[in-house]
Amino acid sequence: MEIITIPCLQDNFAYLLICPKTGDAAVVDPSEAIPVKKEIKHRNVKLTTILNTHHHWDHVGGNKELKADYPELKIYGHASDRGRIPEQTEFLEDGDDIRFGGQSGSFLHNPGHTSGAITYVFGKSAFTGDTLFAAGCGRLFEGTPAQMHDSLNQRIGQLPDQTELYFGHEYTETNLRFALSVESGNTEISNKLADVKALRASGAFSTPTTIVEEKQTNPFMRCTSSEIQASVKSSDPGNDLSEKEVFRTLRELKDVF
Ligand code: ZN
Ligand code: FE
């Protein structure tokens, strides 16, 4: 399966997935229609499917216009997002699979950023929306710290180490700076920050990341690090240092970083 990153709006990513066997294409989170339509034309593929990771406008903004142009489109989202994802046709429940062209995939339900947030998984590629960002995670609009902790660590974190994670926003540089602020001795973070700065200076994007990189650099997946625990304790002396409480304080610190 070929994956093309389509930058949208200020810092959003849509992704065009192309089935090499049939030339059918799916788009993950079309923030807006125009850049997606350009890419479809340029690649000469047939758009059959939209995969929405959650209902926020900057992830579904192109749904209506694309549906008008391609009336047969299947539009996937979590079952609980019924009424919130424009033109949704497929309502995913645990165990359902996702098909377009000759490809088949699955999804993980990831409550936290929103209650219906999901990650799509196709082989060694996963599309995390605003649940996992490189070195960070989404804000908790509709979920608890404990839910987001589990979505990141018990669900996404259980994917194989080499899984490539395609996320929803280019926030990596700021996220890595925050990560360093709570774990300054982690050289994997400082090395990645230098790499990402160079990448961004050359006009490239930092997506995708991998599970193994996130386990090394994402503070929200490192709640057992003693240095992170010490940072948390110094700003929140009452913290009992359980993983979920460490997560809660980290998320609060990031909200005001
Ligand atoms: Zn969002
Ligand atoms: Fe977003």
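Residue numbers restart at each chain and count upward from 1, following the sequence in its written direction. Both sets of labels track the order of writing: A upward for chains, 1 upward for ligands. Thresholds applied to this predicted model are a pLDDT of at least 70 for local features of residues and 80 or more for the giving and counting of side-chain atom pairs; totals over whole chains, interfaces and linings are not thresholded and use all residues. For side-chain calculations, the full set of non-hydrogen atoms in the structure is used, while hydrogens and water are omitted.

Student: Help me understand the packing of aromatic side chains in this model?
Tutor: Here the distance between the centres and the angle between the planes together describe a pair of aromatic rings. The criterion for an aromatic pair is that two Phe, Tyr or Trp rings (for Trp, the six-membered ring) have centres within 6.5 Å, with stacked assigned to planes under 30 degrees apart, edge-to-face to planes over 60 apart and tilted to the rest. Taken as a whole and assessed by the stated rule, the structure comprises 11 aromatic pairs. On the basis of an interplanar angle of 40° and a centroid distance of 6.1 Å, the ring pair of Phe13 and Tyr15 is categorised as tilted. This pair shows no difference in class: Phe13 is buried, exactly as Tyr15 is. An aromatic cluster is defined as three or more aromatic residues linked by ring pairs; in this entry it consists of Phe13, Tyr15, Phe127, Tyr166, Phe167 and Phe205. Only when the NZ atom of a Lys or the CZ atom of an Arg is both within 6 Å of the ring centre and within 35 degrees of the ring normal do we say a charge sits over the ring. In this arrangement the basic side chain of Arg82 is found over the ring face of Phe91, its NZ or CZ atom lying 3.7 Å from the centre. Only protein chains enter the accessibility calculation, which uses a 1.4 Å probe; a residue whose area is less than 20% of its type maximum is buried, one above 50% is exposed, and one in between is partly exposed.

Student: Just checking my understanding: could you explain the environment of Glu39 for this structure?
Tutor: Numbering goes from the N terminus for both helices and strands, where a helix is a DSSP run of H or I of at least four residues and a strand is a run of E of at least two. With respect to the helices and strands, Glu39 occurs in helix α1 (residues 33-43). On a C-alpha basis, the gap between Glu39 and Leu16 in space is 8.1 Å, while along the polypeptide they are 23 residues apart. Contacts are residue-level and defined by heavy atoms, with any inter-residue pair within 4.5 Å sufficient. Apart from the residues within four sequence positions on either side, Glu39 is in contact with Ile4, Ile6 and Leu16.

Student: Looking at this structure, I do not really get the domain arrangement of the chain. What am I missing?
Tutor: Residue ranges assigned to each domain were obtained from an automatic or database domain assignment. Taken domain by domain, the chain comprises domain 1 (1-76) and domain 2 (105-110 + 118-257). At the junction of the two partners, domain 1 supplies 20 residues and domain 2 supplies 18 residues. Buried area, as used here, totals the accessible surface that two parts lose on assembly, with accessibility defined by a 1.4 Å probe and the loss added over both. Summed over both partners, the interface of domain 1 with domain 2 buries about 1600 Å², with 67% contributed by carbon and sulfur atoms. When the buried area of domain 1 at its contact with domain 2 is split by residue, Phe13, Tyr15 and Thr53 rank highest and sum to 34% of it. Here, a salt bridge means any side-chain nitrogen of Lys or Arg that lies within 4 Å of a carboxyl oxygen of Asp or Glu. On inspection of domain 1 and its partner domain 2, the count reaches 0 salt bridges. Pairs of N or O atoms are called polar contacts if they sit within 3.5 Å, as long as, within protein, a hydrogen donor faces a hydrogen acceptor (for residues adjacent in sequence, only side-chain-to-side-chain pairs). The interface formed by domain 1 and domain 2 includes 13 residue pairs in polar contact (both at pLDDT 80 or more).

Student: Just checking my understanding: could you explain the layout of surface pockets for this structure?
Tutor: Regions of empty space are outlined by a rolling probe, equal in size to a water molecule, passed over the atoms. A pocket here means an open set of points on a 1 Å grid, computed over the protein atoms alone, that has protein on both sides within 12 Å along at least five of seven lines. A cavity is instead a set of points where a 1.4 Å probe fits but cannot get out; residues with an atom within 4 Å of a point line either one. Grid points are joined across faces, edges and corners, and a volume is the space filled by probe spheres set on the points. In this model, the largest pocket occupies a volume close to 280 Å³. Forming the boundary of the largest pocket are 16 residues, of which Phe133, Cys137, Gly138, Arg139 and Tyr171 lie nearest the centre. Breaking the lining of the largest pocket down by element, the ones donating at least two residues are α5 (172-182) and α9 (243-255). In terms of residue class, the lining of the largest pocket is built from 5 nonpolar, 6 polar and 5 charged. Three categories are distinguished: nonpolar for Ala, Val, Leu, Ile, Met, Phe, Trp, Tyr, Cys and Pro, charged for Asp, Glu, Lys and Arg, and polar for the others, with Gly belonging to the last.

Student: When you look at the sheet that holds strand β9 (residues 118-122) in this model, what are you seeing that I'm missing?
Tutor: The strands making up a sheet associate through backbone hydrogen bonding, with each pair oriented either parallel or antiparallel. An order of β7-β8-β9-β10-β13-β14 is seen for the 6 strands of this open sheet, with the pairing classed as mixed. The open sheet terminates on both sides in strands that have one partner only, identified here as β7 (98-100) and β14 (209-210). What makes two strands pair is DSSP finding at least two bridges between them. Taken together, the 3 bridges between β9 and strand β10 (residues 125-129) define a ladder with antiparallel strand orientation. From the neighbouring strand, Val121 faces β10, where its bridge partner is Ala126.

Student: For this particular structure, what's the right way to read the sheet that holds strand β4 (residues 46-51)?
Tutor: Sheet architecture is open: 6 strands sit in the order β1-β2-β3-β4-β5-β6, paired in mixed fashion. Each edge of the sheet is formed by a strand with only one pairing partner; in this case those strands are β1 (2-8) and β6 (90-92). Mean inter-strand twist for the sheet, computed between neighbouring axes without regard to direction, equals 25°. As defined by bridge partners, strand β3 (residues 24-28) adjoins β4 across 5 bridges and the pair is classed as parallel. Along β4, the bridge assignment pairs Val28 with Leu51. Each axis is a line fitted through C-alpha atoms, and for a helix only the stretch in contact is used; angles between axes span 0 to 180 degrees, taken between their N-to-C directions. Together, β1, β2 (12-18), β3 and β4 form the strand contacts of α1, whose direction differs from that of β1 by roughly 145°.

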